[in-house]
Amino acid sequence: MTEYPRAMLRRFAILEHSDLVHAITTRHGGVSQPPYATLNLSFSRPDDPAAVRENRQRVYAALEIEAARVVAAGQVHGSDVLVVREQHAGLGALGPSPIRPPADALITDRPNLFLLACFADCTPLLFWDPVRRVVGVAHAGWQGTLKGIAAATVAAMRTAFGSNPSDLRVLIGPSAGPCCYNVWPHVAAAARQALPHDDVLRQVGDQTHFDLWAANRAMLRRSGVPDAQIETSAICTICQVADFFSHRAEQGATGRFAAIIGLRG
Ligand SMILES: [Zn+2]
């Protein structure tokens, strides 16, 4: 993991390559006021839209990408995957994503198109196929995770672009970690049902914690992604609320950070 000046962006070893632009943003380096301080990147929050636009522009500038080449996911806690093409360029880059129907995962083989999704405890998944030259981003909270968005994204990369799952590199980014992510009994039951053979729940006193990282890793492995090609950031947003927005740690009054990936033109 590399820290950049002002720690606005973090990058991860599994995706470090001259073909790629990728980053997970932190909450630092923006202009939003509390409780969105400072780098809130989501237009879905009741933050000043002008501040969010300025924050987005700062991130694009830091990554040396143009807003007109960014495409933002429409996030509804589903598992639909959208194949992003040239005609989508710029959608949701500097305002709410107008992509309909909304899709929580975006994939593309187009160079110089940058896929973006926003997070505050849900798990960012970033995908890269260095052979077919395909990238993807997915928004996997407990709902998306249990609906199988990780597997759906791998399947869509194969169908749309001929990706072989054994070639993929995947980052499981910062999210609510197994240390903190206490879930309601109906969520634990759904996790047990979706992943009966995997160790994704942990009893902590009278709480049941759901391990989003292990659940997504299990689904990726079952889809054919080699374990050695999956990196977990191991950053818990609830523990590390000083650096990342956390819906849980901040009782809902917070912003969103972003995961971004694209192939260089
Ligand atoms: Zn934690």
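Relevant structure appears above.
A brief report on the enclosed structure follows.

Procedures and definitions
Residues numbered from 1 in each chain as written. Predicted model: local features only at pLDDT ≥ 70, side-chain atom pairs only at ≥ 80, totals over all residues. Heavy atoms only, no water. 1 Å grid on protein atoms, 1.4 Å probe; cavity = no way out; pocket = protein on both sides within 12 Å on 5 of 7 lines; lining within 4 Å. Points joined across faces, edges and corners; volume = space filled by probe spheres on them. Helix = DSSP H or I, 4+ residues; strand = E, 2+ residues; numbered from the N terminus. Nonpolar A, V, L, I, M, F, W, Y, C, P; charged D, E, K, R; others polar. Phe/Tyr/Trp six-rings, centres within 6.5 Å; stacked < 30°, edge-to-face > 60°. Buried < 20%, exposed > 50% of the residue type's maximum accessible area, 1.4 Å probe, protein only. Donors = N, O, S within 2.8 Å, 3.2 Å for Na, K, Ca; no water. Tetrahedral: all angles 85-135°; square planar, octahedral: opposite > 155°, others 65-115°.

### What about the layout of surface pockets?
Estimates place the volume of the largest pocket at around 670 Å³. Mapped by element, the contributors of at least two residues to the lining of the largest pocket are β7 (114–119) and α2 (142–146). Looking at side-chain class alone, the lining of the largest pocket contains 13 nonpolar, 11 polar and five charged residues.

### Quick word on the packing of aromatic side chains
Taken as a whole, this structure holds three aromatic pairs when the rule is applied. Taking 5.3 Å as the distance between ring centres and 70° as the angle between the ring planes, the aromatic pair formed by Phe 244 and Phe 257 counts as edge-to-face. Here Phe 244, found in the loop between β13 (230–232) and β14 (257–263), pairs with Phe 257, found in strand β14; they are 13 residues apart in sequence, far enough to count as distant. Here Phe 244 and Phe 257 have matching classes, each one buried. Grouped by ring-pair contacts, the aromatic residues Phe 119, Phe 244 and Phe 257 constitute a single cluster.

### Section: the coordination of the zinc ion
Distances from the zinc ion to its protein donors, namely Cys 179 (SG), Cys 180 (SG), Cys 236 (SG) and Cys 239 (SG), fall within the range 2.2 to 2.3 Å. Bound by four donor atoms, the zinc ion shows angles of 101 to 118° at the metal and therefore tetrahedral coordination geometry. Written as a sequence motif, the donor arrangement for the zinc ion is C-C-x55-C-x2-C. Classification of Cys 179 by relative accessible area gives partly exposed; the value is 41%. Cys 180 gets classed as partly exposed once you look at its relative accessible area, which sits at 22%.

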